[in-house]
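Chain by chain, the residues:
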Amino acid sequence: MMENQFIEEQNRMLSKIQLENRVDIGQLQYIAGVDLAYWKETKEESHQNGLSSEEVEYAVCCIVVLDYHTKEMVEKKYCKGQIVVPYIPGCLAFREIELVLETVKLLEHTIDLYVFDGNGYLHPRHMGLATHAGIMLDRPSIGVAKSYFKIENIVYTEPDNEAFSYSDLMIGDKVYGRVLRTHKNVKPIFLSIGHQIDLNTATEIVKNLVEKDSHIPIPTRYADLMTHEMRRQYQKCEAP
């Protein structure tokens, strides 16, 4: 039942996706990288018949803000929360969106573009987290995934083994995303628009945000590193 409700909501949101580009690269200043990490904790409760225990799932959302032109980190924020929505393929955004929105509220800078570790338009209903959150935030957004969430059993074409070579991932006559190799001899990433941007502009931005020691954009790389550190800290605090 929950899955059907989520799919209905995604279908309702489709008309809100803005595919036209609203990003002027020359005017970009603050780029936010967004990522989440999960873990489970065992909670014990006392009852008349003794103790009972259950596993509770948590996540931490981390957002790292960079100056687009200098690559300087200007801000980082995080928020922990309990995850109550089960994992349903194609409906991941519903597990994460509330925690993302709560973390965004903590930001002190006005964000020009959000980069999510995950998909946007590259989704069975074009409603990955980057698109879902972009609509909710009314801001331009990009999805950058490290692995391919297969749609309709479509196999992507491997890009040439050269830096910034790419192949477009098409289903029927529609471009869903781009398979982009950011460095020679590394695995490609899976780039898709989220909201208020086009694929070519998103590609140029991602190319500018990749460094020698990272094949993914540095905003999401820093956010990913931060989620791992915050998860370790929370798990350490919960350890007996």
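Cut-offs used in this document
- Residues numbered from 1 in each chain as written.
- Predicted model: local features only at pLDDT ≥ 70, side-chain atom pairs only at ≥ 80, totals over all residues.
- Heavy atoms only, no water.
- Helix = DSSP H or I, 4+ residues; strand = E, 2+ residues; numbered from the N terminus.
- Expected span 1.5 Å × (residues − 1).
- Buried < 20%, exposed > 50% of the residue type's maximum accessible area, 1.4 Å probe, protein only.
- Salt bridge = Lys/Arg side-chain N within 4 Å of Asp/Glu carboxyl O.

1. Some thoughts on helix 2 (residues 93-104)
In this model helix 2 runs 15 Å from its N-terminal to its C-terminal C-alpha over 12 residues, within 8% of the 16 Å that 1.5 Å per residue would give. Counting buried positions along helix 2 yields 10 of 12 residues, so the element is predominantly enclosed. Listing the buried residues of helix 2 in full gives Ala-93, Phe-94, Arg-95, Glu-96, Ile-97, Leu-99, Val-100, Leu-101, Thr-103 and Val-104.

2. Regarding the environment of Thr-157
Tracing the backbone through its elements, the reader meets Thr-157 in the loop between strand 5 (141-145) and strand 6 (165-171). Considered as a pair, Thr-157 and Leu-106 are 51 residues apart in the sequence and their alpha carbons are 40 Å apart.

3. Looking at the pattern of salt bridges
Scanning all chains against the criterion turns up 12 salt bridges. Notably, a salt bridge pairs Asp-168 with Arg-178, separated by 2.6 Å at the nearest N-O pair. Residue Asp-168 is located in strand 6, and its partner Arg-178 is located in strand 7 (residues 174-181); the two are separated by 10 residues in the primary sequence. The exposure class of Asp-168 is partly exposed, given its relative accessible area of 31%. In this structure Arg-178 comes out as buried when scored by relative accessible area, which is 5%. One salt bridge connects Arg-232 with Glu-229, and the closest N-O pair in it is separated by 2.9 Å. Of this pair, Arg-232 and Glu-229 both sit in helix 5 (residues 218-238), 3 residues apart, which is roughly one turn of that helix. Overall, Glu-229 belongs to the partly exposed group, its relative accessible area being 33%.

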